[in-house]
Amino acid sequence: MKKIVSYVLVTAFTFMTFILTASEPADQKALASTQKKLVEMKTQLNLSSDQETKVQAVLYDAFSNVNSIQKQEGLTKEEKIVRYNKNSENFQGELKKILTKEQYDQYLSSGRGQ
């Protein structure tokens, strides 16, 4: 059973990585940021394979949203700040669902959750 679960997780992670790397060049910045932050969080929080896969997806969405906000023309600085803050709140909420209470507290205490 463990081998099947491991296989499914590895397959899912590989598929996700393939999808992310096959994205348009505009998403390369989000992908690079995601990978860098994921390595940091994996080490800091001792993420399980399942958590790593989920955190990667949440990170990618958050970084993609930031890039999208940056590219939007016609938004005032204040409107962008509101959207950045909403993106951050969404990220924090999703992260809290994935991590254990201890991991989330450690993440916040590291100053990264601000």
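Before going into details, it helps to say that this report is about the structure given with it.

Procedures and definitions
One numbering rule holds for all chains: residues counted from 1, following each sequence as written. Local features in this predicted model are restricted to residues whose pLDDT is 70 or higher, and side-chain atom pairs enter the listing and the counts only when it is 80 or higher, whereas totals over whole chains, interfaces and linings include all residues. Excluded from the side-chain calculation are hydrogens and water; included are all heavy atoms of the structure. Secondary structure counts use DSSP, requiring at least four H or I residues in a row for a helix and at least two E residues in a row for a strand, with both numbered from the N terminus. Per-residue accessibility, obtained with a 1.4 Å probe over protein chains only, is compared with the maximum for each type, and a residue is labelled buried under 20%, exposed over 50%, and partly exposed between these values. Contact between two residues is taken to exist if any of their heavy atoms lie within 4.5 Å; hydrogens are not considered. Using a 1.4 Å probe, accessible areas were evaluated by the Shrake-Rupley method; residue-level cover was limited to the displayed protein chains. Buried Ala, Val, Leu, Ile, Met, Phe, Trp, Tyr and Cys residues form a nonpolar core when they are joined through side-chain atoms within 4.5 Å. Helix axes are fitted to C-alpha atoms over the stretch in contact, other axes to C-alpha atoms as well, and angles between N-to-C directions run from 0 to 180 degrees. Angle categories are assigned with fixed cut-offs, so that under 35 degrees is roughly parallel, over 145 is roughly antiparallel, 65 to 115 is roughly perpendicular, and the rest are oblique. Should the near helix be turned anticlockwise from the far one by less than a right angle, the crossing is termed left-handed; should it be turned clockwise, right-handed. Two N or O atoms count as a polar contact when they lie within 3.5 Å, although within protein this holds only if one can serve as hydrogen donor and the other as acceptor, and sequence-adjacent residues are included solely when both atoms are side-chain atoms. In what follows, salt bridge is the name for a side-chain nitrogen of Lys or Arg lying within 4 Å of a carboxyl oxygen of Asp or Glu.

Notes on the overall build of the protein
Move 1: When you go through the protein residue by residue, the secondary structure sums to five helices and zero strands.
Move 2: Secondary structure of the protein in N-to-C order comes out as α-α-α-α-α.
Move 3: The proportion of buried residues among the 114 residues of the protein is 30%.
Move 4: At a minimum sequence separation of 6, the contacts of the protein that also span at least 24 residues come to 59%.
Move 5: A total accessible area of about 7,700 Å² is found for the protein, and carbon and sulfur atoms account for 59% of it.

A look at the nonpolar core
Move 1: Counting 14 residues, the largest nonpolar core has M41, L47, V55, F91, L95, L99 and Y107 as the members making the most contacts within it.
Move 2: When residues of this core are traced back to their parent elements, those giving at least two are α2 (28-45), α3 (49-71), α4 (77-98) and α5 (101-109).
Move 3: Filtering out sequence-adjacent residues up to four positions away, L47 remains in contact with L38, M41, K42, E52, V55, L99 and Q103.

Description of the packing of α2 against α5
Move 1: Put simply, α2 and α5 touch, their axes get as near as 10 Å, and they point 120° apart. As the angle between them shows, α2 and α5 are arranged oblique. Here the hand of the crossing between α2 and α5 comes out right-handed. Across from K37, M41, Q44 and L45 in α2, the residues of α5 making contact are Q103, Q106 and Y107.

Side note on the environment of T43
Move 1: Tracing the chain through its elements places T43 in helix α2.
Move 2: Judged by relative accessible area, which is 65%, T43 ranks as exposed.
Move 3: At a separation of 3.1 Å, a polar atom in the side chain of T43 contacts the main-chain carbonyl oxygen of V39.

With respect to unusual backbone geometry
Move 1: With a phi close to 55°, N46 is a non-glycine residue in the positive phi region.
Move 2: By the element assignment, N46 lies in the loop between α2 and α3.

Quick word on the pattern of salt bridges
Move 1: One pass over the structure, following the stated rule, counts five salt bridges.
Move 2: The salt bridge partner of K54 is D50, with a shortest N-O separation of 3.2 Å. Of the two residues, K54 and D50 are both situated in helix α3; the distance of four residues between them amounts to about one turn of the helix.
Move 3: D50 sits in the partly exposed class, given a relative accessible area of 33%.

None of the figures reported here should be taken as evidence of function without further support.
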